[in-house]
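Summary of structural features
These are the residues of each chain, in order.
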Amino acid sequence: MTVPVVALLTAKPGCEDKAEQLFRGVIEETLREEGCITYQLNIDSKNPRRFVWTEEWASQALLDKHLQAPHIVKLFADLEPLLEQAEVVALRKVAGGNA
């Protein structure tokens, strides 16, 4: 069974442009990773500092591998001083289509 993921990350005031630039910088490489089904960056329409990733991975093992990938480890390190809040939620799919 696949693993849907939702990541909610809120940039500190004034840091949203830099955060978005960093997020955009990992999309292409992540989409090429083994097991990546979907990987989409979104911005909350009511809070432009809040970024919402919707992802789906072929397995928990491949999601874990993604989280240890050098470009993601670097992303999290670079983002740390820019973020006010971060939550990553791996889900259990119940019904419906892709994440």
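Residues numbered from 1 in each chain as written. Predicted model: local features only at pLDDT ≥ 70, side-chain atom pairs only at ≥ 80, totals over all residues. Heavy atoms only, no water.

Glancing now at the nonpolar core. Formed by 24 residues in total, the largest nonpolar core has its most connected members in Phe-23, Tyr-39, Trp-53, Leu-75 and Leu-79. Breaking this core down by element, the ones donating at least two residues are β1 (3-11), α1 (16-31), β2 (36-43), β3 (50-57) and α3 (70-79). Excluding anything up to four places from it in sequence, Tyr-39 contacts Val-26, Ile-27, Thr-30, Leu-31, Trp-53, Thr-54, Glu-55, Trp-57, His-66 and Ile-72. (Core = buried A, V, L, I, M, F, W, Y, C linked by side-chain atoms within 4.5 Å. Buried < 20%, exposed > 50% of the residue type's maximum accessible area, 1.4 Å probe, protein only. Helix = DSSP H or I, 4+ residues; strand = E, 2+ residues; numbered from the N terminus. Contact = heavy atoms within 4.5 Å.)

What follows covers the sheet that holds β1. Ordered in space as β2-β3-β1-β4, the four strands form an open sheet in which the pairing is antiparallel. Each edge of the open sheet is held by one strand with a lone partner, namely β2 and β4 (83-90). Each strand axis lies, on average, 10 degrees off the axis of its neighbour in the sheet, ignoring direction. Here β2 pairs with β3 via seven bridges, running antiparallel. The residue bridging Asn-42 from the neighbouring strand is Val-52, located in β3. The strands touched by helix α2 (residues 60-67) are β1, β2, β3 and β4; relative to β3, the strand with the most contacts, the crossing angle is about 135 degrees. (Pairing = 2+ DSSP bridges. Axes fitted to C-alpha atoms, helices over the stretch in contact; angles between N-to-C directions.)

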